[in-house]
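An overview of the molecular structure
The lines below spell out each chain.
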Amino acid sequence: MSQVRTRFAPSPTGDLHVGGAHTALFAWLFARHEGGRFVLRIEDTDEVRSTERSLAAIYDGLKWLGIDWDEGPDVGGPFAPYIQSERLGIYQDHIGRLLDSGRAYRCFCTPEELEERREIMRARGIPPRYDGRCRDLDEDEVARLTREDRPSCVRFRVQETGTTVVNDLVRGEVWFDNSLMGDFVIQKTSGYPTYHMAVVVDDHLMQITHVIRAEEHLPNTPAHVQLMEALGIERPQFAHLPLIMGTDHTKLSKRHGAVNLMDYRDQGFLPEAMRNFLALIGWSPGAEEEILDLRELTDRFTIEGVSKSPGVFDLEKATWLNGEYLKRADAEYLADVLSPMLREEGLLEDDLSPERRRWLVAVVDLMKERTRLLTDFVTWGSYFFTEDFPYDPRARKKWLSREEVPDRLDMLADRLEEPGTWDVDGIERIIRDLADELDVSAAKVIHPCRAAVTGQTVGPSLFDVMVLIPQTDVASRLRRAAKLGRAGELAPSPSEE
RNA sequence: GGCCCCAUAGUCUAGUGGUUAGGACUCCGCUCUUUCAAGGCGGCGGCACGGGUUCGAUUCCCGUUGGGGCUACCA
């Protein structure tokens, strides 16, 4: 059996969409699972909407997710070029063959005429497909119109009777009535091929064995099959993947919020988490474990595991999964990913001394246990990086605005300021000793202290937090909170509650 | 409208002609803890409906309903 070859064939008309990433991932996982090759082909036959910037965005998105390609525009390969706009001659040859054999013909109808006629058909309740007006123009007529420089496109003469059966790896046999299909355009007036023409020719020439694409292409498949038959091309296997939907159960689109893959990076997702999450929409490993790394994903991926029904993009679950990855991630790695984000917020200097770097890793290691998004490090953990952190309304209400708190904070500041080793045990002893002397529970000192030092009511173990903040800063934060508290400036304002 | 696809909790899903229908997210409760946004334990909640086939259907068939996709010189 020949080697498996799959491809991802996006059109560069925008950033890489979550749906596109999903399709790419599945095609890639299948190729990797089978030990086959994965091809990236750019379908830029939409001359109007294709952009160079979008091409770069596709590369970036795929790379971010960890999807690599064996053949593609940038890396080349035995079937180059891999950009359709550079393959125009190839399509023209195939279209020429179809024209010669009579399976295709020139159509001189203008877009306006077409639209007008479609409107009439719709009004009459007839399915609006091409009416075949130019189907049987005689040669003289064609020659005359051509001589007059009348623009024309090329249409494929579809089978008028019978059925076209598509055998889909996910859905089984799907039957289509040929009489319902209109003659479709294979070459635009501009000379560019349409998607249908280019995809069929390229999948064949690039020896794609499995066409894995989104379900929205299923209705196009009989047209492709007919083209293949007319061209004498062997059919590849087809696998149409379930669509990803928004929470309102329509195809994921802009109005659902973030649909660009990279938006999720900006929102604080780790690529391995997003990849894992995407793999779980419309596919199941069959086991109960669903946190799967790259290796496990490729080992276990099969088409049989692909489901037929569309899946909703559940941000809650994606966020949870991301938290699981954060928890398990290596702190050094997270520090690398986080550094640029912290710098962007002005929370971290550009050049880290080795010592400062070790400190950052320690902060990350302490926090990662309870974060869900990378951005949590910035929002929840700002007190590690700046004196200008906010006081959470709950912290104000519950602790900082209490009458007895300022005095205790000052006392604590005095003691913590004493020169000595700044370590977890020492800090804990000082705090507990103070509580004993005041004859209150340790919590009565710990909570206000946390509120004063971090501005929050929750977080990692307080002593572990404190040891990562300079001793002098801790003392000054305690005094600042005491002063503000006495002045009544930490009373929770109604708007903050 | 026509064609096609789909249907297990709010969501992602496993699964079977006979199961207490399994797991995960969310939510709720309990618990541990200096705190929870972490950990542990537990709970609520599901086979869309109607006909068949069958000794027996969530599972097979048909229909209904619901949802989605496609109906372009976009892909």
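Keep in mind that this is a model prediction, so the values were computed, not measured.

For the rest of this paragraph, the subject is the overall build of chain A. A tally of regular secondary structure across chain A gives 21 helices and 11 strands. On C-alpha atoms alone, chain A measures out to a radius of gyration of 32 Å, which is more than a quarter above the 23 Å that the 2.2 N^0.38 rule sets for 497 residues. Along the longest, intermediate and shortest principal axes, the C-alpha atoms of chain A span 105 × 50 × 40 Å. Relative to its 497 residues, chain A shows a buried fraction of 50%.

Another point: the environment of M411. Here M411 is to be found in helix α17 (residues 405-417). For the pair formed by M411 and A475, sequence separation is 64 residues and the distance between their alpha carbons is 9.9 Å. Setting aside residues no more than four positions away along its own chain, M411 makes contact with L434 and L438.

What the domain assignment lists for chain A is domain 1 (5-84 + 244-312), domain 2 (87-241), domain 3 (330-384) and domain 4 (393-496). Computed from C-alpha atoms alone, the centre-to-centre distance between domain 1 and domain 4 is 49 Å.

Axis separation between helix α12 (residues 331-344) and helix α13 (residues 354-367) bottoms out at 9 Å; the angle between their running directions is 100°. With respect to each other, α12 and α13 are oriented roughly perpendicular. Of the residues in α13, those in contact with A331, E332, L334, A335, D336, L338, S339 and L342 of α12 are R357, L360, V361, V364 and D365. Here the contact of α12 with α13 is composed, by residue class, of eight nonpolar, one polar and four charged.

Nonpolar side chains tend to gather and get buried jointly when the protein is soluble and globular. Ranked by size, the top nonpolar core spans 112 residues in total, and within it M274, L278, F313, F384 and L478 carry the most contacts. The biggest single contributor to this core is helix α1 (residues 18-33), with 10 residues. Apart from the residues lying within four places of it in its own chain, the contact partners of L278 are V18, A21, H22, L25, F26, L65, I244, L261 and F313.

At their nearest, the axes of helix α16 (residues 393-400) and helix α19 (residues 443-454) sit 9 Å apart, and the two run at 140° to each other. When the axis of α16 is compared with that of α19, the two are oblique. The hand of the α16/α19 crossing is left-handed. Of α19, the residues touching α16 (which contributes A395, W399 and L400) are H447, P448, A451 and A452. Classifying every residue of the contact of α16 with α19 gives six nonpolar, one polar and no charged.

Definitions and cut-offs
- Residues numbered from 1 in each chain as written.
- Chains lettered and ligands numbered in written order.
- Predicted model: local features only at pLDDT ≥ 70, side-chain atom pairs only at ≥ 80, totals over all residues.
- Heavy atoms only, no water.
- Helix = DSSP H or I, 4+ residues; strand = E, 2+ residues; numbered from the N terminus.
- Rg over C-alpha atoms; globule rule 2.2 N^0.38 Å.
- Buried < 20%, exposed > 50% of the residue type's maximum accessible area, 1.4 Å probe, protein only.
- Contact = heavy atoms within 4.5 Å.
- Domains from an automatic or database assignment.
- Axes fitted to C-alpha atoms, helices over the stretch in contact; angles between N-to-C directions.
- Parallel < 35°, antiparallel > 145°, perpendicular 65-115°, else oblique.
- Nonpolar A, V, L, I, M, F, W, Y, C, P; charged D, E, K, R; others polar.
- Core = buried A, V, L, I, M, F, W, Y, C linked by side-chain atoms within 4.5 Å.
- Left-handed = near helix turned anticlockwise from the far one by under 90°.

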